[in-house]
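# Architecture at a glance
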Protein chains: 2
Amino acid sequence: MTIQLFDLACANQRIFFSPYCWRIRMSLKHKGIPFESLPWHFSEKDRIEASGSTRVPVILDQGRAIAESWDIADYLDKAYPEAPPLMAGTAARARAKFIESWCNATVFPTMRAIAVPSVFEIIADKDKAYFRESREKMLGSKLEELSKDPAAETAAMNKALKPAADALTEADFLAGTSPDYADYVLFGTIMWPYVVCRENPLDMSSPIGEWFERMLNLHDGFARGAARAHG
Amino acid sequence: MTIQLFDLACANQRIFFSPYCWRIRMSLKHKGIPFESLPWHFSEKDRIEASGSTRVPVILDQGRAIAESWDIADYLDKAYPEAPPLMAGTAARARAKFIESWCNATVFPTMRAIAVPSVFEIIADKDKAYFRESREKMLGSKLEELSKDPAAETAAMNKALKPAADALTEADFLAGTSPDYADYVLFGTIMWPYVVCRENPLDMSSPIGEWFERMLNLHDGFARGAARAHG
């Protein structure tokens, strides 16, 4: 049975850029569950109504709709216990939750000035009014005035990533010798600017850059093969 | 054989407040290694010369001096492999390194305005000139002008701790069902304001407050019995 994933798309429907959808794309590959990406646009909230959410990712599995990336990962482990676990036990759940909360609180905000204007350029025309209004309200700035000093913004992003860079001097993956949901959470977050920006802001010579390369190679190079806006 | 720990002390030599020494105090209890705290003052750099460091913690084990909390934890696991591990394998090392780097980069800076003036009040007179000069230089502010809005500073500290609070909704300890060095790193960090400040800034009703209570109870209530400056 193939899972369907409502997956945030650009005007070009082959380009998927949501950090939260990427967490689930990689999670489905990790578990070896076949899935189909359904390109979804911000303005298509009616298509995911059954999930009770207005945001993606949303998956459809045998008629059931599940929203929210954490809840989807949790569901996949429970519904497919025979497939490799995304979070194998209490310690793994605590680690993934820490990484998720840290990404949201510390990493993500440093990426907004870099990535939000790039997202605006590449989304579907029908999404632009909504995107501009919601992001300008959230960020308290016109999109055109958001990025003031790209070099400083890139440096701030790489500085925010330092705990992960340091951890990755000790292990190939945040989860140790092989990846789990903690790695997919951070990877998805970084895929956001990687997919949408003209220049990849990640310092690829750092331990986290080397980890990112390993993540791109996972699951037969699934993410390495992903379409990028300027790639 | 008893390990000796050079342990940063107040004028009152029963009060130990270094976040880095607390990491090792708890680590030694975790491993069940008997140790003796040697009260040490900022101005006594000659006493730890053999370690090659000018900072504590420094341990002496059978004539060997080891400095730096991470290196000490690593040494203890290698020198005492039969005792419970502080970091059991690659994944545990990555987790502890992440927590250490995150504490240093994100949590610790939010505590300075709260704790540094309190430390100045309680350290030995012979340490005060050095402490004032080094901290005012580091922080770019007179000690008396450091804490401007204690309520806002406390809120900032608890906000910085959010990833740990969220993780601790999934598990009793950062390491899962029992604590390891990752827990001791964060615990030591929080012991700093807990020991030196008039008011404990930690939100004790949050998941991290409940975890802190569990940590205080570990090893027969070792940390709960610790002397505090105003406790």
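Residues numbered from 1 in each chain as written. Chains lettered and ligands numbered in written order. Predicted model: local features only at pLDDT ≥ 70, side-chain atom pairs only at ≥ 80, totals over all residues. Heavy atoms only, no water.

### Thoughts on the sheet that holds strand β2 (residues 35-40) of chain A
Residue and element names in this part refer to chain A. Across the sheet, four strands lie side by side as β2-β1-β3-β4; this open sheet has mixed pairing. Of all strands in the sheet, those with a lone pairing partner are β2 and β4 (64-67), marking the two edges. Put simply, the sheet's adjacent strands are angled 25 degrees from each other on average, direction ignored. Examined bridge by bridge, strand β1 (residues 3-8) and β2 share six bridges and lie parallel to one another. By the bridge assignment, Gln 4 is partnered in β2 with Glu 36. Strands β1, β2 and β3 (58-61) of the sheet are contacted by helix α1 (residues 19-31), whose axis makes an angle of about 155 degrees with β1. Sitting on the sheet, helix α2 (residues 69-79) touches β1, β3 and β4, and the angle it makes with β4 is about 130 degrees. (Pairing = 2+ DSSP bridges. Helix = DSSP H or I, 4+ residues; strand = E, 2+ residues; numbered from the N terminus. Axes fitted to C-alpha atoms, helices over the stretch in contact; angles between N-to-C directions. Contact = heavy atoms within 4.5 Å.)

### With respect to the state of the cysteines
Residue and element names in this part refer to chain A. Following the criterion strictly, the structure yields zero disulfides over all chains and no others. Its sulfur unpaired, Cys 10 is 11 Å from the next cysteine sulfur, which belongs to Cys 21. For Cys 10, a relative accessible area of 1% gives the class buried. (Disulfide = S-S within 2.5 Å. Buried < 20%, exposed > 50% of the residue type's maximum accessible area, 1.4 Å probe, protein only.)

### Here's the deal with the relation of the copies chain A and chain B
It takes a turn of 180 degrees to lay chain A on chain B, together with a shift of 0.0 Å along the axis; the resulting RMSD is 0.0 Å. Here the transformation between the copies is reduced to the relation of a two-fold axis. Closest to the rotation axis within chain A is the C-alpha of A:Arg95, separated from it by 3.8 Å. A shared interface surface links the copies, since 100% of the contact residues of chain A are contact residues in chain B too. (Least-squares fit on C-alpha atoms with pLDDT ≥ 70 in both.)

### Quick look at the interface of chain A and chain B
At the junction of the two partners, chain A supplies 23 residues and chain B supplies 23 residues. With both sides pooled, the region where chain A packs onto chain B buries about 2000 Å², and carbon together with sulfur makes up 70% of that total. Together, A:Phe98, A:Pro163 and A:Glu170 form the three largest contributors to the area buried by chain A at its contact with chain B, with a combined 33%. Linking chain A with chain B are two salt bridges. (Buried area = accessible area lost by both parts, 1.4 Å probe. Salt bridge = Lys/Arg side-chain N within 4 Å of Asp/Glu carboxyl O.)

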